[in-house]
Amino acid sequence: ALSQWGGGTLPHFFEKRNTSPIEFSTRRLFAHASSIINEDQTETKPDAVVYSREAMFQDRWILFKEHFAAKSGVDTTPGMGMNKAIFDMARMLGSRKTYRNGHLQILGEFMRLMCKNTSDRLLRLNGIKVVRAILYLQPDESSPAEQAAEFARLLANEPPLAADASSSRYPHFVSLQSRLAKLGGVDLLVSVFDDVQQDPEGEETTLAALMLAVTLFENGNVTAQDLLARNLTQPSSQSFFVHINQVLKASVAALKSQKRKIKQFEAEIAAKEAAGLPLGDVTLPSLGSSLIPLIEVIKMMRRMCMGQHAQLQDIIRSQKLNKVSFNFLEEVVTCLVALEPELMRAIKVREEVLVEGAIRGFLMLADAMKGPNMKNQASVAQTGLVDLGDRIFGKIHFEDLQPPGRPKRRKKGQDPEEGEYENAFWRNSSRSRLKVAVAGCLLTFLEGTESDAIPNQMLTTVSWSAIGVQMGKCFRDLDRASEVLDYGRLYEEGMTYYSILRTLLPYDSEHTYIQPLLQRHRKAALFFERCTGFIEIVRDARLERIFFPLPDTCLKGGALFKKDFQPMMVQDCDLQEPDNKNIKWIRNMVALVEREAFLAVVRSSVFAFTVTRWELMCQGTFYLSLVIHLCCIFGSYVPFWRREAYEKHLATHVPALTLTDAWYHDKVIPYFLMVTNILSFLLLVLCALRAFSFTNAELPIMVRIGWNKRRESTRDQDQVGDHEESGEREEEGEEEEAEEDDVFAPTRPLRQKPGDPNPITVISSGGTSPVASLAPGVSRIDSDPVNLSKLAGTRGSVTLSRSSSSVLKRPVEVGEEHEGK
């Protein structure tokens, strides 16, 4: 078959006829491949070059493989040749519909097979890619079109669409992450990093394992994080960290080597230009190819720290049980210092890999310090990160997307400068993301700080003038946001700068650094101050102020602008009784949230004007009534500028009425009737609209409040009976151990310890997530039907308090499943 495919003519250098059939067909095969490859080249004489069999084979083998792959539809890109097989295997092993794979047990056996040291290198490499593809494809939850789209994202090394929290497949993605981690995904990663350092060709396997780790820990999967922490806290994890450190060191060395090659290449180009030699098509070498492993390591470590996983945050800084401990926070800062000199050139020439590496490095450091992790904050503060941020703020600035005089952007395909516009937009977007990442890292230094050491260090070392210039530039560019970037990103960047300055302001007691800066950029500071809110929280018995950007509804023109909720919050609160005050305060807050939630629904309907224009209708009815009354009052008297003329008129005419009455009947009544009729009609229309608005927006809230009060009174009576029954049971010595098992019950009274005058209180939202604890002395409060976890977000921490002076530290995760914790 190979002989027939190769053609019927032997090349000139095959003169032997006494060859075996296999050798004969092989020669004809490569001869035909050689003729196809050289069909566009100039023919040479038979004796121009003498080829040996081995030289001919080695010279044409690679070219033949490329030709054969093109004919067979195989991707010849390194590492991509098994894509179709990986896609099919992922659909088979990741589906519970596969024979005897109802609980993914075959997948578990497959991962355990790859964990063995004796497994084939190629099998392990492709197996890791299959496991990662299963997380993307989700064979049982996605359609074929969705699988194809997800696999394309996998090949482009982009996060899966299902990893977005707004996706309908997000819960299935998180569940699949946890399932694979328990089946052996985490053990596979650890075993790969334990063994691959002994493999001289293990770079590709290392990169595949890093990419799998990024996908497995995407969004900070708690189950995967806990399993990894359990493995890395063992002394046997030394090789894992050694290999990660080798990847970082090798990436920095490769970056420096590539820099030298680029400088040498530029010197050669300059020499040719000086000599007048033609350059041809010149393309500088790229720095990005040497940074891919580094970026994947940084992405993996960031996802290890997501969600403030304190154990993994500490492991990244120090491995206590290992013989050699590595501080990867310092290693990442070292990598960022090596990248910093190339950032301006990388942004200019659109070196996306290098820019992404710098941005992800700062984001990783910020996640490693959140929580706050005081030891990580102190460790990073000593690395020179502040000076690195100063250099970035000092030289990274926006460019105008449309220089003055250039016509506005046309539709795609019509403007020859469309590509340049897109590149300029990408450059500004990358600059903004980089600066926001650096500023966010600096802001994380101040999270939960317990001493003045780090704030004072920042006050004396940070170049505040550069940050002030950046904040002022963002404020000025908001008016022409379309010419620079977009409003949202500029606003976010400016708010980050202001949050840093506002947080450090109390530490600048002598008004040396922050206050003069805010005075120099007064307009920008006033604007961001109006857009900033703050709350005060108690963290470790210390009062801490947290600044945050106000939502659009609370800004000028928003639905909640200038609304005073304080009277509603303290309504019916007896300030002399702390217990009753806290209970009523919580219930008023629930009613207030119910009210705003209902009004938000009305605002999104066709009757939105009944809420958004309520104040305008009230003012309109008031002013119309005022105008009508003024007409009635002032229209009954002769104006002072007409009195003399009207007296002369009455001198020649015998008045039947008094001066005022005559004026009223002759001059006022005709116009008054016309004006008052019009105003009265308008007043009637406004009153009708106001009555409709009240019926549509306010009346349902009043009915609901009345119904809730009636239900609360009934519940209070039931609670009194429950307390009496519980008191009788305690006297009889009955112990209810079953209640102690479910710590996160929706409404569960905590057992009071003997001799404790102030029992712990749990406020429940009627769901599975306790939200707050107040009102010492009250054993149970049920705030159903409003789910207060919406106020706390998806994750949070709740403090259970016994009294106003003592705090019992007991974190509670809000909005998550608690598996036996």
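Here the structure is a predicted model, which means the values were calculated and not measured. (Residues numbered from 1 in each chain as written. Predicted model: local features only at pLDDT ≥ 70, side-chain atom pairs only at ≥ 80, totals over all residues. Heavy atoms only, no water.)

S.K.: How should I be thinking about the overall build of the protein in this particular structure?
M.R.: The number of helices and strands found in the protein is 32 helices and 7 strands. Burial statistics for the protein: of 821 residues in total, 41% are counted as buried. Split by element, the accessible area of the protein, about 46,000 Å² in all, is 56% carbon and sulfur. (Helix = DSSP H or I, 4+ residues; strand = E, 2+ residues; numbered from the N terminus. Buried < 20%, exposed > 50% of the residue type's maximum accessible area, 1.4 Å probe, protein only. Areas by Shrake-Rupley, 256 points an atom, 1.4 Å probe, with all protein chains shown as cover.)

S.K.: I keep staring at the environment of Arg303 and nothing clicks. Help me out?
M.R.: If you trace the backbone, Arg303 turns up in helix α12 (residues 292-305). Assessed through its relative accessible area of 6%, Arg303 is described here as buried. Along the backbone, Arg303 and Asn219 are 84 residues apart, and their C-alpha atoms lie at a distance of 6.5 Å. Beyond its immediate sequence surroundings of up to four residues, Arg303 is in contact with Val214, Phe217, Glu218, Gly220, Gln225 and Arg360. (Contact = heavy atoms within 4.5 Å.)

S.K.: Help me understand the confidence of the model for the protein in this model?
M.R.: One rule of thumb: low pLDDT means the predicted coordinates there are not for detailed reading. Confidence in the prediction of the protein, expressed as mean pLDDT, is 76, and 74% of residues score 70 or more. Note on residues 39-48: pLDDT under 50 across the span, and 1 contact to partners over four residues away in sequence or across chains. Predicted confidence is poor over residues 734-821, with pLDDT under 50, and the contacts of this stretch with residues over four places away or in other chains come to 146 contacts. (pLDDT = per-residue confidence, 0-100.)

S.K.: Looking at this structure, how should I read helix α9 (residues 203-216)?
M.R.: Given 3.6 residues to a turn, an α-helix orients residues that are three or four positions apart in the same direction. Look at α9: 20 Å from first C-alpha to last across 14 residues, which is about the 20 Å you get at 1.5 Å a residue. The buried fraction of α9 amounts to 11 of the 14 residues, a majority that puts the element mostly inside the structure. Next to the buried residues of α9 lie α6 (121-137), α8 (170-195), α10 (222-232), α11 (238-275) and α12. (Expected span 1.5 Å × (residues − 1).)

S.K.: I keep staring at the side chain of Ser290 and nothing clicks. Help me out?
M.R.: Structurally, the position occupied by Ser290 is in the loop between α11 and α12. Taking the relative accessible area as the measure of exposure, Ser290 reaches 11% and is therefore buried. Excluding residues within four positions of it along the chain, Ser290 makes contact with Ser251, Ala254 and Leu255.

S.K.: I'm lost on the pattern of salt bridges in this one. Help?
M.R.: For side chains bearing opposite charge, pairing can occur when the charged atoms are close. All chains considered together, the criterion is met by 29 salt bridges. Note that Arg433 is salt-bridged to Glu356, the shortest N-O span being 2.6 Å. With a gap of 77 residues between them, Arg433 in helix α19 (residues 418-445) and Glu356 in helix α16 (residues 352-369) connect regions that are remote in the sequence. What makes Arg433 partly exposed here is its relative accessible area of 35%. Residues Glu399 and Arg431 are paired through a salt bridge, measuring 3.1 Å at the closest nitrogen-oxygen approach. (Salt bridge = Lys/Arg side-chain N within 4 Å of Asp/Glu carboxyl O.)

S.K.: Is there a simple way to think about the nonpolar core in this case?
M.R.: Side chains of a nonpolar character, in soluble globular proteins, are inclined to be buried together. Ranked by size, the top nonpolar core spans 137 residues in total, and within it Leu180, Phe362 and Trp464 carry the most contacts. A per-element tally of this core places α8 first, with 11 residues. In contact with Leu180, other than residues within four places in its own chain, are Leu107, Met111, Val131, Ile134, Leu135, Gly185 and Leu216. (Core = buried A, V, L, I, M, F, W, Y, C linked by side-chain atoms within 4.5 Å.)

S.K.: It is not clear to me how α12 should be interpreted in this structure. Could you clarify?
M.R.: Spanning 14 residues, α12 covers 20 Å between terminal C-alpha atoms, matching the ideal 20 Å at 1.5 Å per step. Across the 14 residues of α12, 12 count as buried, placing the element largely inside the fold. Here α12 has its buried residues at Leu294, Ile295, Glu296, Val297, Ile298, Lys299, Met300, Met301, Arg302, Arg303, Met304 and Cys305. Of the surrounding secondary structure, the elements contacted by the buried residues of α12 are α9, α10, α11, α13 (310-317), α14 (328-339) and α16.

S.K.: Quick question: what am I supposed to make of the environment of Arg427 here?
M.R.: Structurally, Arg427 is set in helix α19. Not counting chain neighbours up to four residues away, the residues in contact with Arg427 comprise Ile347, Lys348, Glu399 and Glu420. A polar contact of 2.7 Å, which involves the side chain of Arg427, links it to the side chain of Glu399. (Polar contact = N/O pair within 3.5 Å; in protein donor to acceptor, adjacent residues only side chain to side chain.)

S.K.: Before we go on, may I ask you to explain the packing of aromatic side chains in this structure?
M.R.: Between two aromatic rings, the relevant description is the distance of the centres plus the angle of the planes. According to the stated counting rule, one finds 15 aromatic pairs in the structure shown. Each ring, one from Phe609 and one from Phe692, has its centre 6.4 Å from the other, and the planes form 20 degrees; the classification is stacked. With a gap of 83 residues between them, Phe609 in helix α27 (residues 609-612) and Phe692 in helix α30 (residues 659-732) connect regions that are remote in the sequence. We classify Phe609 as partly exposed; its relative accessible area is 31%. For Phe692, a relative accessible area of 35% gives the class partly exposed. Counting every residue linked through ring pairs, the aromatic cluster contains Phe193, Phe240, Phe241, Phe326 and Phe328. If you follow Lys435 out to its NZ or CZ, it ends over the ring of Phe398, 3.9 Å from the centre. (Phe/Tyr/Trp six-rings, centres within 6.5 Å; stacked < 30°, edge-to-face > 60°. Lys NZ or Arg CZ within 6 Å of the ring centre and 35° of its normal.)

S.K.: Explain the pairing of strand β2 (residues 542-549) here, please?
M.R.: Side-chain direction in a regular strand flips from residue to residue, so the side chains alternate between the two faces of the sheet. Both strand β1 (residues 532-539) and β2 contribute to a ladder of 8 bridges, which runs antiparallel. In the sheet register, Thr532 faces β2, and the bridge partner there is Pro549. Here β1 folds back onto β2 in antiparallel fashion, the turn holding 2 residues, of which Asp540 has a positive phi close to 55 degrees. (Pairing = 2+ DSSP bridges.)

S.K.: Would you mind going over the packing of α12 against α16 with me for this structure?
M.R.: Axes are the key here: two packed helices are described by the angle between their axes and the distance separating the axes. The interhelical angle for the contact between α12 and α16, taken along N-to-C directions, is 25 degrees, at an axis separation of 9 Å. One finds that α12 runs roughly parallel with respect to α16. Note on packing geometry: the crossing formed by α12 with α16 is left-handed. Here α12 contributes Ile292, Ile295, Ile298, Lys299, Met301, Arg302, Arg303 and Cys305 to the contact with α16, which in turn contributes Val353, Gly357, Arg360, Gly361, Leu363, Met364, Asp367 and Ala368. (Axes fitted to C-alpha atoms, helices over the stretch in contact; angles between N-to-C directions. Parallel < 35°, antiparallel > 145°, perpendicular 65-115°, else oblique. Left-handed = near helix turned anticlockwise from the far one by under 90°.)

S.K.: What should I look at first to understand the side chain of Ser191 in this one?
M.R.: Position of Ser191 relative to the elements: it lies in helix α8. Of note is the side chain of Ser191, whose polar atom sits 2.8 Å from the backbone oxygen of Leu188.

S.K.: Would you mind going over a nonpolar patch on the surface with me for this structure?
M.R.: Together, Val606, Phe607, Phe609, Tyr671, Met674, Val675, Ile678, Phe681, Leu682, Val685, Leu689 and Phe692 line one region of the surface with nonpolar side chains, adding up to about 1,100 Å² of accessible area. The element that contributes the greatest number of residues to the nonpolar patch is α30, accounting for 9 residues. Among the structural elements, Phe607 can be located in the loop between α26 (578-603) and α27. Judged by relative accessible area, which is 35%, Phe607 ranks as partly exposed. (Patch = residues over 30% accessible without salt bridge, like charges linked within 9 Å, V, L, I, M, F, W, Y side chains within 5 Å.)

S.K.: Please explain the state of the cysteines as it appears in this structure.
M.R.: Simply put, disulfide is the name for a covalent bond between the sulfur atoms of two cysteines. In total, this model carries 0 disulfides according to the counting rule given. No disulfide involves Cys618; its sulfur sits 9.9 Å from that of Cys687, the nearest cysteine. (Disulfide = S-S within 2.5 Å.)

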